[in-house]
Amino acid sequence: MLFKEHTLSIIKPDAVAKNIIGSIINRFETSGLSVIEAKMLKLTYIQASEFYSEHQKKSFFESLINFIISGPIFIQILAGNNSIQRNREIMGATNPKHALAGTIRSDYGYDCTKNAIHGSDSKISAIREIHYFFNT
């Protein structure tokens with residue numbers, strides 16, 4: 001059964017620097033998802049550490065934080081039928097080398113950190129992440 005839900009998407013500093021925000025948004029829109037709220041900002045170290053706190057004990061934590069604060073990010077709330085799953089399919093696997101051809105990470109990603117985009121991985125994550133950045 002399909003139902004309308006919301007998910008969070010972050011276009012990371014590498015993709016913002018490549019000036020491909022519009023190309024990425026177009027992929028969501030042509031796949032039936034709608035951007036219902038969006039903003040661009042540059043995270044502080046503390047904000048990024050709080051947002052990615054679930055990865056705090058992992059070996060890649062510091063490099064992830066340093067990367068995500070290295071430049072502006074574009075944050076958006078996507079809405080649509082099964083938006084969490086659909087967003088994950090459009091993004092592709094975390095490692096661009098394993099992402100299916102035609103996905104965002106396959107086309108624009110470099111490695112597991114510099115992979116152009118972040119997306120919520122579950123309903124619980126989507127709710128937490130949306131509330132972290134938006135007052136909705």
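These numbers were taken from a predicted model, which means no experiment stands behind them.

Cut-offs used in this document
Numbers given to residues run from 1 along each chain, matching the order in which its sequence is written. Two thresholds apply to this predicted model, a pLDDT of at least 70 for residue-level local features and 80 or more for giving and counting side-chain atom pairs, whereas whole-chain, interface and lining totals are computed over all residues. Working from all heavy atoms in the structure, the side-chain values ignore hydrogens and water. UniProt positions are given in the numbering used here, feature names are shortened, and annotations may be inferred rather than shown by experiment. By the criteria applied, helices consist of DSSP H or I runs no shorter than four residues and strands consist of E runs no shorter than two, each listed in order from the N terminus. The contact rule is simple, with two residues in contact once any of their heavy atoms fall within 4.5 Å. For this analysis, a ring pair means two rings from Phe, Tyr or Trp (six-membered ring only for Trp) whose centres lie within 6.5 Å, classed as stacked if their planes differ by under 30 degrees, edge-to-face if by over 60, and tilted for the remaining angles. The cut-offs for exposure are 20% and 50% of the maximum accessible area for each residue type, with area from a 1.4 Å probe on protein chains only; residues under the lower value are buried, those over the upper are exposed, and the others partly exposed. In this scheme, Lys NZ or Arg CZ marks a charge over a ring once it lies within 6 Å of the ring centre and within 35 degrees of the ring normal.

Engineer: When you look at the UniProt feature "active site" (unreviewed entry) in the protein chain in this model, what are you seeing that I'm missing?
Structural biologist: Here the UniProt-annotated "active site" (unreviewed entry) positions come out as His118. Structurally, the position occupied by histidine 118 is in strand 4 (residues 117-119). If sequence neighbours within four positions are ignored, histidine 118 has contacts with Leu8, Ser9, Ile10, Lys12, Phe51, Tyr52, Met91, Arg105 and Glu129.

Engineer: Explain the packing of aromatic side chains here, please?
Structural biologist: Each aromatic ring pair is described using two quantities: the centre-to-centre distance and the angle formed by the ring planes. According to the stated counting rule, one finds 4 aromatic pairs in the structure shown. Summarising the aromatic geometry, the rings of phenylalanine 51 and tyrosine 132 are spaced 5.8 Å apart at their centres and angled 50 degrees between planes, so their arrangement reads as tilted. With phenylalanine 51 in helix 3 (residues 45-51) and tyrosine 132 in helix 7 (residues 123-133), this pair connects stretches of sequence that are 81 residues apart. Judged by relative accessible area, tyrosine 132 falls into the partly exposed class, the value being 29%. An angle of 50 degrees between the planes, with centres 5.0 Å apart, marks the rings of phenylalanine 51 and phenylalanine 133 as tilted. Of this pair, phenylalanine 51 sits in helix 3 while phenylalanine 133 sits in helix 7; the two residues are 82 residues apart in sequence, bridging distant segments of the chain. Ring pairing ties together the aromatic residues Phe51, Tyr52, Tyr132 and Phe133, which thus form one cluster. Lying over the aromatic face of phenylalanine 134, lysine 39 brings its terminal NZ or CZ to 4.9 Å of the ring centre. Across the ring face of phenylalanine 51, the terminal group of arginine 128 is positioned such that the distance to the ring centre comes to 5.6 Å.

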